[in-house]
Amino acid sequence: IAGITQAPTSQILAAGRRMTLRCTQDMRHNAMYWYRQDLGLGLRLIHYSNTAGTTGKGEVPDGYSVSRANTDDFPLTLASAVPSQTSVYFCASRTDRDGYTFGSGTRLTVV
Amino acid sequence: KQEVTQIPAALSVPEGENLVLNCSFTDSAIYNLQWFRQDPGKGLTSLLLIQSSQREQTSGRLNASLDKSSGRSTLYIAASQPGDSATYLCAVRPGRDKLIFGTGTRLQVFP
């Protein structure tokens with residue numbers, strides 16, 4: 001089934017640890033995004049990539065990094081997790097014709 | 001700065017009713033507008049995408065309209081069912097790399 005796969009689905013992480021959230025798509029979309037969703041704050045853009053080899057900062061990029069080595073994969077790394085990064089993380093891809101497609105999310109708890 | 005507002009924040013209706021969910025945005029310079037549904041603990045599912053040159057889109061019992069000049073979109077749900085219970089989010093794309101979300105309407109349809 002074409003779409004976006006995120007892993008893990010949930011994770012409890014000790015503060016200070018490094019963590020990579022994985023995102024893979026099989027639709028060959030050029031544009032990909034990472035959002036976080038928090039109660040009362042809605043969805044906020046962390047980082048984006050318009051095409052393989054390029055990335056950009058979104059609304060809340062601090063504490064996060066991304067890479068885009070190829071079209072299909074767009075991992076999000078927390079170098080040293082803090083409790084304020086407790087959130088649900090969504091990866092998405094976009095085409096002009098079909099709009100945005102979202103993954104099922106990763107629920108991250110930093111303790 | 002683009003802001004997206006959804007009214008009402010919550011709605012509870014009996015099965016069979018026709019519903020209208022409202023979305024307003026402050027800047028009419030958008031590429032498109034997209035409606036999503038989100039079930040509790042799940043990802044976002046795209047419902048309808050309206051390009052800036054379009055006035056409406058339809059899919060099954062769903063119809064979305066767009067009036068750019070007044071900064072409004074409505075999502076019409078015909079003959080509501082308990083399975084329609086979810087949070088409905090509208091989002092506008094004001095530029096190449098952004099999607100700005102509303103805060104959502106939480107819908108409950110009871111039998």
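Residues numbered from 1 in each chain as written. Chains lettered and ligands numbered in written order. Predicted model: local features only at pLDDT ≥ 70, side-chain atom pairs only at ≥ 80, totals over all residues. Heavy atoms only, no water.

## Considering the overall build of chain A
And then number 1: For chain A, the helix and strand inventory stands at zero helices and 11 strands.
And then number 2: Computed over the C-alpha atoms, the radius of gyration of chain A is 13 Å, within 12% of the 13 Å expected from 2.2 N^0.38 for a compact globule of 111 residues.
And then number 3: Projected onto the principal axes, the alpha-carbon positions of chain A cover approximately 40 × 25 × 25 Å.
And then number 4: Within the span of chain A, comprising 111 residues, buried residues form 50% of the whole.
And then number 5: The long-range fraction of contacts in chain A, counting pairs at least 24 apart against all pairs at least 6 apart in sequence, stands at 52%.
And then number 6: About 5,300 Å² of surface is accessible on chain A, with carbon and sulfur atoms providing 50% of the total.
And then number 7: The averaged location of the 8 negative side-chain charges in chain A is 6 Å from the averaged location of its 11 positive side-chain charges. (Helix = DSSP H or I, 4+ residues; strand = E, 2+ residues; numbered from the N terminus. Rg over C-alpha atoms; globule rule 2.2 N^0.38 Å. Buried < 20%, exposed > 50% of the residue type's maximum accessible area, 1.4 Å probe, protein only. Contact = heavy atoms within 4.5 Å. Areas by Shrake-Rupley, 256 points an atom, 1.4 Å probe, with all protein chains shown as cover. Lys, Arg positive; Asp, Glu negative; His and termini not counted. Charge placed at Lys NZ, Arg CZ, Asp CG, Glu CD.)

## Some points on the interface of chain B and chain A
And then number 1: Contacts between the two partners involve 18 residues from chain B, matched on the other side by 18 residues from chain A.
And then number 2: Here chain B meets chain A over a buried area of about 1,400 Å², counting both sides, of which 51% is carbon and sulfur.
And then number 3: The tally of links from chain B across to chain A stands at one salt bridge.
And then number 4: With its nearest N and O atoms 3.1 Å apart, the salt bridge here joins A:D96 to B:R93.
And then number 5: Our count for the chain B to chain A interface comes out at five residue pairs in polar contact (both at pLDDT 80 or more).
And then number 6: At the level of elements, β4 (32–38), β5 (44–51) and β9 (86–93) of chain B are the ones that each hand at least two residues to the side of chain B that touches chain A.
And then number 7: Residues that form the side of chain B that touches chain A fall into these classes: six nonpolar, seven polar and five charged. (Buried area = accessible area lost by both parts, 1.4 Å probe. Salt bridge = Lys/Arg side-chain N within 4 Å of Asp/Glu carboxyl O. Polar contact = N/O pair within 3.5 Å; in protein donor to acceptor, adjacent residues only side chain to side chain. Nonpolar A, V, L, I, M, F, W, Y, C, P; charged D, E, K, R; others polar.)

## Some words on the packing of aromatic side chains
And then number 1: Applying the stated criterion across every chain yields a total of 10 aromatic pairs over all chains.
And then number 2: Aromatic side chains A:Y33 and A:Y35 sit 6.5 Å apart centroid to centroid with 35° between the ring planes, which places their arrangement in the tilted category.
And then number 3: Classification of A:Y33 by relative accessible area gives buried; the value is 0%.
And then number 4: Taking the centre distance of 4.9 Å and the plane angle of 40° together, the rings of A:Y33 and A:Y100 count as tilted. Highlighted residues: A:Y33 in strand β4 (residues 31–38) and A:Y100 in strand β10 (residues 99–102), separated in sequence by 67 residues. As far as the burial class goes, A:Y33 and A:Y100 line up, both buried.
And then number 5: An aromatic cluster is built from A:Y33, A:Y35, A:F90, A:Y100, A:F102, B:F36 and B:F101, whose rings are joined through pairwise contacts.
And then number 6: The ring of A:F74 has A:R68 lying over it, and the distance from NZ or CZ to the ring centre is 5.9 Å. (Phe/Tyr/Trp six-rings, centres within 6.5 Å; stacked < 30°, edge-to-face > 60°. Lys NZ or Arg CZ within 6 Å of the ring centre and 35° of its normal.)

## Some words on unusual backbone geometry
And then number 1: A cis amide bond, omega -5°, links A:A7 with the succeeding residue A:P8.
And then number 2: With respect to the helices and strands, A:P8 occurs in the loop between β1 (4–7) and β2 (10–13).
And then number 3: Along the chain, B:I7 connects to B:P8 via a cis peptide bond; the corresponding omega equals 0°.
And then number 4: Among the structural elements, B:P8 can be located in the loop between β1 (4–7) and β2 (10–14).
And then number 5: Of note, A:R28 is a non-glycine position whose phi angle comes to about 60°, a positive value.
And then number 6: Relative to the assigned elements, A:R28 resides in the loop between β3 (19–25) and β4.

## Quick look at the sheet that holds strand β7 (residues 64–66) of chain A
Residues and elements named next belong to chain A.
And then number 1: Reading across from one edge, β1-β3-β8-β7 is the order of the four strands in this open sheet, with antiparallel pairing throughout. Because the sheet does not close on itself, it has two edges, and the strands there are β1 and β7. Pairs of neighbouring strands in the sheet enclose a mean axial angle of 20°, with direction left out of account.
And then number 2: Alignment of β1 against β3, held across four bridges, turns out to be antiparallel. The residue bridging I4 from the neighbouring strand is Q25, located in β3. (Pairing = 2+ DSSP bridges. Axes fitted to C-alpha atoms, helices over the stretch in contact; angles between N-to-C directions.)

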